[in-house]
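Per-entry structural report
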Amino acid sequence: MKNVLITGGSRGIGRATAIQLAGLGMQVIINYKNNKVAADEVVNQITATGGKAVAIQANIADESEITQMFATIREQYGDLDYLVNNAGILFQHSTTEHLTAERINQVLATNVTGLLICSREFIKSARHFDSFQGKAIVNVSSIASRTGSAGEYVDYAASKGAVDTITKGLSIELAELGIRVNAVRPGVIYTEIHADGGEPERVDRVAHVVPMKRGGKPEEIADVITWLLSDTSSYVTGAIIDAGGGL
């Protein structure tokens, strides 16, 4: 049975991905920061249908919590086959004029530093088990890395631009070992993250600018992640796939 860790797996794209991968016979390890109830709900939904899932708490902005999470996984569940770097944060809409260093650094701590530390620990885990071939990392970026999110959250867009760069660099670094690294860039998707930005109905407001004239569903992004982890994408690494309805 393949083991997959999904950071930020208790809601939105992470939740949809967890359910989908569990349905394919993987044991899903669902990382969450604070909302144990939401994480347990995903676990219960998966196990109720015969799937395998567990929840594990760790703040992806905290290096020590990440290293402890990976140590726990190594001791209790063994080797990890896949990592989905999905955890990400943003704050309320703001022009750059009103950004603070504290806010910018909080965004980067989770979306960039945390992603890199999780990737580091995944590589260390592979080395611990001396098992590299067939492993894969998928990073969840955002169409914002291309659009810039002017007037809303340039800091978040910048963090996702960094994710794109990390994806390319890490894919080259790990290619010879046999670990593939790819990313998906979702567009406007119906998830709770828009409430974090202060506008729960944002997807409906901006859907008219999407060429397909609708927001996306988390399951549609999960489909891309699942493909990037699968053997059917075995010759794909360093790819960044846009899933934004044409944006």
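Below is a short write-up of the structure. Predicted model, so just to flag it, every value in this text is computed and none were measured.

Notes on the packing of helix α4 (residues 101-128) against helix α6 (residues 154-175)
- Between α4 and α6, whose axes approach to 9 Å, the crossing angle comes to 15°. Classified by the interaxial angle, the pair formed by α4 and α6 is roughly parallel. Crossing hand, α4 versus α6: right-handed. Contacts between α4 and α6 involve R103, I104, V107, L108, N111, V112, L115, L116, S119 and I123 from the former and D155, Y156, S159, K160, A162, V163, I166, L170 and L174 from the latter.
- Of the residues assigned to the contact of α4 with α6, the class counts are 13 nonpolar, three polar and three charged.

Details of the pairing of strand β1 (residues 3-6)
- Side chains N3 and L5 project from β1 onto one buried face, and the interleaved V4 and I6 project onto a second face that is buried too.
- Where β1 lies against strand β2 (residues 27-32), four bridges are found, and the strand directions are parallel. Residue pairing for β2: I6 is matched across the bridge by I30.
- Note that the unit made of β1, helix α1 (residues 12-23) and β2 has a crossover that is right-handed.
- In the sheet, β1 pairs with strand β4 (residues 82-85) via three bridges, with the strands oriented parallel. When the bridges of β4 are listed, I6 appears paired with V84.

A few points about the packing of aromatic side chains
- Scanning the model with the defined rule gives one aromatic pair in all.
- Arranged with centres 5.5 Å apart and planes meeting at 80°, the rings of Y153 and Y156 form a pair that is edge-to-face.
- For Y153, a relative accessible area of 5% puts it in the buried group.

About the cut-offs
Residues numbered from 1 in each chain as written. Predicted model: local features only at pLDDT ≥ 70, side-chain atom pairs only at ≥ 80, totals over all residues. Heavy atoms only, no water. Axes fitted to C-alpha atoms, helices over the stretch in contact; angles between N-to-C directions. Helix = DSSP H or I, 4+ residues; strand = E, 2+ residues; numbered from the N terminus. Parallel < 35°, antiparallel > 145°, perpendicular 65-115°, else oblique. Left-handed = near helix turned anticlockwise from the far one by under 90°. Contact = heavy atoms within 4.5 Å. Nonpolar A, V, L, I, M, F, W, Y, C, P; charged D, E, K, R; others polar. Buried < 20%, exposed > 50% of the residue type's maximum accessible area, 1.4 Å probe, protein only. Pairing = 2+ DSSP bridges. Right-handed = clockwise from strand over helix to strand, strands pointing away. Phe/Tyr/Trp six-rings, centres within 6.5 Å; stacked < 30°, edge-to-face > 60°.

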